[in-house]
Amino acid sequence: MLKRAVFTALAALALTTAFAPNAEAAFGTDVVGAAAVTSFGEILGALPSPSANETEHTWVIAAPDGQASFSWRSAEEGERPFDVYISFDAAPFVNAGLDADKLPAAMKPKLPEGQLVVGGKLSNGMKYAGDVTPLSSFEQIALLDRDAVGFHAPLGHYGVTVADGFVFEFAEDMSKNDKDIVFVLDPKVFIDAGAIPEKVEGWTFGKVPLEDEWGRPFEAEKFLKPFDLE
């Protein structure tokens, strides 16, 4: 199972008809998992419809600037490099000094296409009770690979950890947040490969407030690509 970034498991949100049938019973007392699905459904409604990658059996949503995307598995069957992953343009990092040959091999499956990819495999299979949709696929992740989904209390975001330090975050409530979706990258791997973080265009580099598993605040450096969808 994926290691997750340090999120605070503290949030509750009313379930809506965006859920698959019997979702409330399925999540039980897991208010974070249930609310994450509701909020993700609202994000899907604010973005163009996800595309289906038939080759990798994943759903894909793209950032408004077209320079990053988040993908999550749509079926248990089929070969794919990752079950959840973030893909993003390599050029801003290369232009900032990145030597792509120094990146981990797993981050470069799409480098010939000008994309860097970071992601991970999930541990559990899927158990669809109804139609396979982008939201029902995400719901399966929240139900069956719970450690991959968490709540980032300081920014009011839910998030899917695709690899340690790499997260796709989305707002708990878009009406109260000016960062509705955020692509989050751990800068260390890029800095170690020669990138000068302040020169990476299209990404914000800085310290982000986080909380450890006991709720104690701390800060960590991140690359961020946020978008306000409203």
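Above this text is the structure in question.
Residues numbered from 1 in each chain as written. Predicted model: local features only at pLDDT ≥ 70, side-chain atom pairs only at ≥ 80, totals over all residues. Heavy atoms only, no water.

K.L.:
So what exactly am I meant to see when it comes to unusual backbone geometry here?
P.N.:
Glycine aside, residues mostly have negative phi, and peptide bonds are mostly found in the trans state. Notably, His-57 is not glycine yet its phi reads approximately 55°, a positive angle. Note on placement: His-57 falls in the loop between β1 (51-53) and β2 (58-62). Classification of His-57 by relative accessible area gives partly exposed; the value is 26%. (Helix = DSSP H or I, 4+ residues; strand = E, 2+ residues; numbered from the N terminus. Buried < 20%, exposed > 50% of the residue type's maximum accessible area, 1.4 Å probe, protein only.)

K.L.:
Help me understand the packing of aromatic side chains in this model?
P.N.:
We describe a pair of aromatic rings using the distance from one ring centre to the other and the angle between the two ring planes. Summed over the entire model, instances satisfying the criterion amount to 20 aromatic pairs. Ring centres 6.4 Å apart and planes at 65° place the aromatic pair Phe-166 and Phe-190 in the edge-to-face group. With Phe-166 in strand β8 (residues 166-171) and Phe-190 in helix α5 (residues 188-192), the pair connects residues that are 24 residues apart, well separated along the chain. Pair check on accessibility: Phe-166 and Phe-190 agree, each one buried. Between Phe-168 and Phe-170, the aromatic rings sit 6.3 Å apart at their centres with planes inclined by 35°, giving tilted as the arrangement. Residue Phe-170 is classed as buried on the basis of its relative accessible area of 0%. Clustering of aromatic rings is evident, with ring pairs tying together Phe-40, Phe-70, Trp-72, Phe-138, Phe-151, Tyr-158, Phe-168, Phe-170 and Phe-183. Between Lys-225 and the ring centre of Trp-203, over which it is positioned, the NZ or CZ distance is 5.0 Å. (Phe/Tyr/Trp six-rings, centres within 6.5 Å; stacked < 30°, edge-to-face > 60°. Lys NZ or Arg CZ within 6 Å of the ring centre and 35° of its normal.)

K.L.:
Even after reading the chapter, I still don't get the environment of Leu-111, so can you show me in this structure?
P.N.:
By secondary structure assignment, the location of Leu-111 is in the loop between α3 (91-95) and β5 (115-120). Here the alpha-carbon distance between Leu-111 and Ala-100, two residues 11 residues apart in the chain, equals 8.6 Å. Among residues more than four places away in sequence, those in contact with Leu-111 are Ala-90, Ala-100 and Leu-116. (Contact = heavy atoms within 4.5 Å.)

K.L.:
So what exactly am I meant to see when it comes to the pattern of salt bridges here?
P.N.:
Pairing is possible between side chains of opposite charge, provided their charged atoms come close. Summed over the entire model, instances satisfying the criterion amount to five salt bridges. A salt bridge links Arg-73 to Asp-83, with the shortest nitrogen-to-oxygen separation between them at 3.7 Å. Residue Arg-73 is located in strand β3 (residues 68-73), and its partner Asp-83 is located in the loop between β3 and β4 (84-89); the two are separated by 10 residues in the primary sequence. Residues Asp-145 and Arg-73 are paired through a salt bridge, measuring 3.1 Å at the closest nitrogen-oxygen approach. With Asp-145 in the loop between α4 (134-144) and β6 (149-152) and Arg-73 in strand β3, the pair connects residues that are 72 residues apart, well separated along the chain. You'll find Asp-145 and Arg-73 in the same group, each marked buried. Several salt bridges share partner residues, and in doing so they unite Arg-73, Asp-83 and Asp-145 into one network. (Salt bridge = Lys/Arg side-chain N within 4 Å of Asp/Glu carboxyl O.)

K.L.:
Please clarify how the packing of helix α2 (residues 31-46) against α4 should be interpreted in this entry.
P.N.:
Each pair of packed helices can be described by the angle between their axes along with the distance between the axes. At a closest axis distance of 10 Å, the pairing of α2 and α4 adopts a crossing angle of 155°. Considered as vectors, α2 and α4 are oriented roughly antiparallel to each other. At the point where α2 passes α4, the crossing takes the right-handed sense. Contacts between α2 and α4 involve Gly-33, Ala-36, Val-37, Phe-40, Gly-41 and Leu-44 from the first element and Pro-134, Leu-135, Phe-138, Glu-139 and Ala-142 from the second. Considered class by class, the residues forming the contact of α2 with α4 number eight nonpolar, two polar and one charged. (Axes fitted to C-alpha atoms, helices over the stretch in contact; angles between N-to-C directions. Parallel < 35°, antiparallel > 145°, perpendicular 65-115°, else oblique. Left-handed = near helix turned anticlockwise from the far one by under 90°. Nonpolar A, V, L, I, M, F, W, Y, C, P; charged D, E, K, R; others polar.)

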